[in-house]
Amino acid sequence: MSVPLEHDYIGLSDASSLGRSSESSNISSDNETNNVFNLKATELSLGLPGFSKDSEQNATKFGPVIKNFMLGAKRGFSDVNLEGSGKWVLKGGSESDLGKAKNGVFEKNQILSHVVKPVKEKKKGPVNENGSAPPSAKAQVVGWPPIRSFRKNTMAANSSKNGEVAEGNFGSGGCLYVKVSMDGAPYLRKIDLKIYHNYAEFSKALEKMFSCFTLGQCTSSGIKGREGLSESNLKDLHGADCVLTYEDKDGDWMLVGDVPWEMFIDSCKRLRITKGSEAIGLAPRSMEKCKNRN
Amino acid sequence: MACSFPEEVLEHVFSFLTSQKDRNAVSVVCKSWYEMERWCRKRIFVGNCYSVNPRIMIRRFPEVKSVELKGKPHFADFNLVPEGWGGFVYPWIVEIARGYPWLEEIRLKRMVVTDECLEMISKSFKNFKVLVLSSCEGFSTDGLAAIVANCRNLRVLDLRECEVEELSGHWLSHFPDSFTSLESLNMACLLSEVSFSALERLVARSPNLKTLRLNRTVPLEKLSTLLQRAPQLVDFGTGAYSAEIRPDVYSSLADAFSGCKNLKSLSGFWDVTPAYLPAICSVCSLLTSLNLSYATTQSPDLTKIVGQCYNLQRLVVLDYIEDTGLNTISISCKDLRELVVFPSDPFVADADVLLTEQGLVSVSQGCPKLQSVLYFCRQMSNSALISISKNRPNLTCFRLCIIEPRAPDYVTLEPLDVGFGSVVENCKQLTRLSMSGLLTDRVFEYIGTHAKNLDMLSIAFAGDSDLGLHHVLSGCDSLRKLEIRDCPFGDKALLANASKLERMRSLWMSSCFVSFGACKLLGQKMPGLNVEVIDERENISSIPECTPVEKVYIYRTVSGQRFDIPDYVRIMGKDKDGVYDLS
């Protein structure tokens, strides 16, 4: 079996693929007019998209998704690092983290990172699965392996009960879907907390998810880092109209942002976006609880 | 030709036809048979709730006693279908409440069921007996309380892996004291604690109770009490199977199990304390079904138990069973029909457990009746697959998940085309297939050529080009459900096989190369299909038509487009009036 080139696992090159023989050797073609996906654009860890010569094509083919990353998020909390470090932008991110967002473009990256690894490693001969990349570095693909949430959640609860915090169990290796409801929205959403590393990424994703429902502005500029937020930052997070709250393991409703990120994802059972006025009563209590914890 | 056969005789003959397939066949023989059949059909199964609307169903079949509906596509189980997509059962319940006041059974899978629905069910059907909710969500324990309090003739309450909002465990206490008709209760998916005394009293006054599946909160120490109250149980699910090791607890549990002479199925076993496993030994030889898939016990302890289940037909277990355990099973469990092995650590590259393709090969060698396999592992080879297929040509369901996407034959590093090809070639009765590992278009050529009885096919991270999809759509004559993710399949194969889609229940494609334009075209040209584009990106309307959609779900329907879609779903190619109005 020939080793596929890095960005050609798909082997999709031109429109006449139906008539071609289906060899597994995959030669990429630069036939951009027929390539629906400009695979170059999805290569990992190169310069920012849009800063290569294909920038225009990227912009049109991938539309606003890429645009946002080229120009930075529109709404004022931007993690986009436009200084040419050459890396994608997610705070604290490394190559393996690239795969974690759920949108279409990123999924392709995930797949590529997935494909690249096993082929390269197994090139050397019969696979010995010990000694491959350490478990925690593995990028996660949504919905793979195909295991139902009920089983995933049960096994996660299993391992946390047994006090295992070892990497590779369902709890740490898996995903952590929590429900997010927004007052007035016709349906709720689910969000995987494990794919974010800090409040900034998280709130950005939330905002995107609920943008169609937002009546007012939910801004949260100036959030930094993974630690708990100071009071002034808390105010920023929750902005004018919306307040983000979560139900913790004890069943109490807390303001998001009180506690360090790791602690938050550990204890968050579900999320709720409420109108500001309703959540006013929460703030003092959650700060209290936070103080008690610390 | 007037039908000279007396109606009553025909009706009597039809009453022996239970399968929907048979009934459908009978109904198209002639008009009078159609008429007669529709009046005596008692059970309806709707595989896709959007393929037909309830009014059509009620108008055609006025005397139905049992309705079964399925909602979301299968890949919703793996979080590929965003929340709010659909599958709302409420409109069905409203119509059914009006049209079938004597309805007895409702079975729902992957649907959104609200408390309001449950209340309506509990109040609308005087003779309601059976409620089975499988992978459903949207309701709380309050809805359960309504069912339990109001359905005087309830026999079955079966909650399979549902997502329930747990307000309290009090719902169980709403069974009236006069209620004695319970035959089956499955509350395994609930997390909150119920009153044990209420549970005990319920069990004690239910002489017909055959199935009881508890949830985790029922402690091991209390199991013997329940088993003593219900020694007639056929299907039992324990709660958390752990406790301090105490001889008195152990012996009363073992005694209680040995009193259950009719026990055929065991499940539950969360948080197992291995020392308590042998308490079930007395019933091992009775068991036909054993589910230890939540038991994180190591191989020797598992094997000791499973090895005694000589009459086992169905085994669900974690990969802790390892190859050695499966080898024992291949020797001891000669009646095995179905094997399911789940991974204990699916998100880790390295396997700490010694479960390989060998385990499956041994079982395929030793168990002559093996028909159904769901197997998660980390390595596979073509030669293993060929052996399996030659050992077991009677396989009907083969689902293999090699955890690493696109993993090749670990010995030769070749794609697994030949191995899966051998499966479809040798296993001529194969109706369900899920594939994984490195696969090229070749495997689809094999499938299209040989898999003539294939009903459902699941594909992920496979193939090279549209040719692959084309082989499947053009070759698999019996294919009804096709679900594909992350494959390089696009417009050509889809459009070339558009008419095939009307002979299938549904097609799911996500992270493939199907463009907006193609979806629109398909939706326009095929009025009998709903082409749903599921895409959560912003500014969808400004994305060019050649861009691939994130997800597309295509299904045949006679009820036109649906109007309960969220903002990220578009039904392509239909104008606002694309509804078949049959009122």
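Residues numbered from 1 in each chain as written. Chains lettered and ligands numbered in written order. Predicted model: local features only at pLDDT ≥ 70, side-chain atom pairs only at ≥ 80, totals over all residues. Heavy atoms only, no water.

**Side note on the overall build of chain B**
Part 1 of the reasoning: Helix and strand counts for chain B stand at 21 helices and 23 strands.
Part 2 of the reasoning: Scaling as 2.2 N^0.38, a compact globule of 583 residues should have a C-alpha radius of gyration of about 25 Å, and chain B matches this with 25 Å.
Part 3 of the reasoning: The principal-axis extents of the C-alpha atoms in chain B amount to approximately 70 × 65 × 60 Å.
Part 4 of the reasoning: Considering only intrachain contacts with a sequence separation of at least 6, the fraction spanning at least 24 residues in chain B is 69%.
Part 5 of the reasoning: Accessible surface for chain B amounts to roughly 21500 Å². Of this, 52% is attributable to carbon and sulfur atoms.
Part 6 of the reasoning: The average position of the 63 basic charges and that of the 69 acidic charges among the side chains of chain B differ by 7 Å. (Helix = DSSP H or I, 4+ residues; strand = E, 2+ residues; numbered from the N terminus. Rg over C-alpha atoms; globule rule 2.2 N^0.38 Å. Contact = heavy atoms within 4.5 Å. Areas by Shrake-Rupley, 256 points an atom, 1.4 Å probe, with all protein chains shown as cover. Lys, Arg positive; Asp, Glu negative; His and termini not counted. Charge placed at Lys NZ, Arg CZ, Asp CG, Glu CD.)

**Remarks on the packing of aromatic side chains**
Part 1 of the reasoning: Counted by the stated rule, this structure contains 26 aromatic pairs over all chains.
Part 2 of the reasoning: Geometrically, the ring pair formed by A:Tyr199 and A:Trp261 is edge-to-face, given 5.1 Å between the ring centres and 85 degrees between the ring planes. Separated by 62 residues along the polypeptide, A:Tyr199 in helix α5 (residues 199–209) and A:Trp261 in helix α7 (residues 261–267) bring together distant segments of the chain. Each of the two residues, A:Tyr199 as well as A:Trp261, counts as buried.
Part 3 of the reasoning: Here the aromatic rings of B:Trp85 and B:Tyr553 are separated by 5.7 Å at their centres, their planes lie at 70 degrees, and the arrangement is edge-to-face. (Phe/Tyr/Trp six-rings, centres within 6.5 Å; stacked < 30°, edge-to-face > 60°. Buried < 20%, exposed > 50% of the residue type's maximum accessible area, 1.4 Å probe, protein only.)

**Re the confidence of the model for chain B**
Residue and element names in this part refer to chain B.
Part 1 of the reasoning: Residues of chain B with pLDDT of at least 70 account for 98%, and the chain-wide mean is 95.
Part 2 of the reasoning: When the criterion is pLDDT under 50, residues 578–583 qualifies, and its contacts beyond four places in sequence or with other chains add up to 13 contacts.
Part 3 of the reasoning: Reported confidences for the modelled complex are a pTM of 0.77 and an ipTM of 0.90. (pLDDT = per-residue confidence, 0-100.)

**A look at the pattern of salt bridges**
A side chain of one charge can pair with a side chain of the opposite charge when the charged atoms of the two come close.
Part 1 of the reasoning: With the rule as written, the count across this model stands at 34 salt bridges over all chains.
Part 2 of the reasoning: A salt bridge links B:Arg23 to B:Glu37, with the shortest nitrogen-to-oxygen separation between them at 2.8 Å. Placement of the pair is B:Arg23 in helix α2 (residues 20–27) and B:Glu37 in helix α3 (residues 31–40), with a sequence separation of 14 residues.
Part 3 of the reasoning: On the basis of relative accessibility, which here comes to 7%, the residue B:Arg23 falls in the buried class.
Part 4 of the reasoning: Here B:Asp535 makes a salt bridge to B:Arg537, at a shortest N to O gap of 2.8 Å. One exposure class covers both B:Asp535 and B:Arg537, and it is buried.
Part 5 of the reasoning: Residues participating in the shared-partner salt-bridge network are A:Arg148, B:Asp77, B:Arg110 and B:Glu161. (Salt bridge = Lys/Arg side-chain N within 4 Å of Asp/Glu carboxyl O.)

**With respect to the state of the cysteines**
Part 1 of the reasoning: Scanning the entire structure with this criterion turns up 0 disulfides over all chains.
Part 2 of the reasoning: With no disulfide of its own, B:Cys476 lies closest to B:Cys487 among cysteine sulfurs, the gap being 14 Å. (Disulfide = S-S within 2.5 Å.)

**Quick look at the environment of B:Val148**
Residues and elements named next belong to chain B.
Part 1 of the reasoning: Examined against the element boundaries, Val 148 turns out to sit in helix α7 (residues 141–150).
Part 2 of the reasoning: Taking the relative accessible area as the measure of exposure, Val 148 reaches 1% and is therefore buried.
Part 3 of the reasoning: For the pair Val 148 and Asp 271, spaced 123 residues apart in sequence, the C-alpha to C-alpha distance is 29 Å.
Part 4 of the reasoning: Residues contacting Val 148, with those up to four places away along its chain left out, are Leu 157, Trp 171, Leu 172, His 174, Phe 175 and Pro 176.

**Some points on the pairing of strand β19 (residues 481–485) of chain B**
Residues and elements named next belong to chain B.
Part 1 of the reasoning: Among the 5 residues in β19, 5 count as buried, and that is most of the element.
Part 2 of the reasoning: Neither face of β19 is open: one carries Lys 481, Glu 483 and Arg 485, the other Leu 482 and Ile 484, and all of them are buried.
Part 3 of the reasoning: Both strand β18 (residues 456–460) and β19 contribute to a ladder of 5 bridges, which runs parallel. Bridge assignment links Met 456 to a residue of β19, and that residue is Lys 481.
Part 4 of the reasoning: Crossover β18 to β19 through helix α18 (residues 466–475) is right-handed.
Part 5 of the reasoning: Taken together, the 5 bridges between β19 and strand β20 (residues 506–510) define a ladder with parallel strand orientation. (Pairing = 2+ DSSP bridges. Right-handed = clockwise from strand over helix to strand, strands pointing away.)

**Points about helix α17 (residues 441–450) of chain B**
All names here are of chain B.
Part 1 of the reasoning: Inspection of α17 places Asp 441, Val 443, Phe 444, Ile 447 and Gly 448 among the buried residues, and these make up the whole buried set. Mapping the buried residues of α17 onto a view down its axis gives an arc of 150 degrees, with all of them on the same face.
Part 2 of the reasoning: Of the surrounding elements, those touching the buried residues of α17 are α16 (417–426), β17 (432–434), β18 and α18. (Arc of directions from axis to C-beta.)

**A short note on the packing of helix α12 (residues 299–306) of chain B against helix α13 (residues 322–332) of chain B**
Residues and elements named next belong to chain B.
Part 1 of the reasoning: It is the contact of α12 with α13, at a shortest axis distance of 9 Å, that shows an interaxial angle of 10 degrees. By the angle between their directions, the pair α12 and α13 is classed as roughly parallel. Residues Ser 299, Thr 303 and Val 306 of α12 touch α13, and the partners they reach there are Glu 322, Thr 324, Gly 325, Thr 328 and Ile 329.
Part 2 of the reasoning: Tallied by class, residues from the contact of α12 with α13 come to 2 nonpolar, 5 polar and 1 charged. (Axes fitted to C-alpha atoms, helices over the stretch in contact; angles between N-to-C directions. Parallel < 35°, antiparallel > 145°, perpendicular 65-115°, else oblique. Nonpolar A, V, L, I, M, F, W, Y, C, P; charged D, E, K, R; others polar.)

**A look at the pairing of strand β16 (residues 397–402) of chain B**
All names here are of chain B.
Part 1 of the reasoning: Counting buried positions along β16 yields 5 of 6 residues, so the element is predominantly enclosed.
Part 2 of the reasoning: As judged from the 6 bridges shared by strand β15 (residues 372–377) and β16, these two strands associate in the parallel manner. When the sheet's bridge partners are listed, Cys 377 is paired in β16 with Ile 402.
Part 3 of the reasoning: The parallel pair β15 and β16 is bridged by helix α15 (residues 382–391), and the resulting crossover is right-handed.
Part 4 of the reasoning: Crossover handedness for the path β16 to α16 to β17: right-handed.

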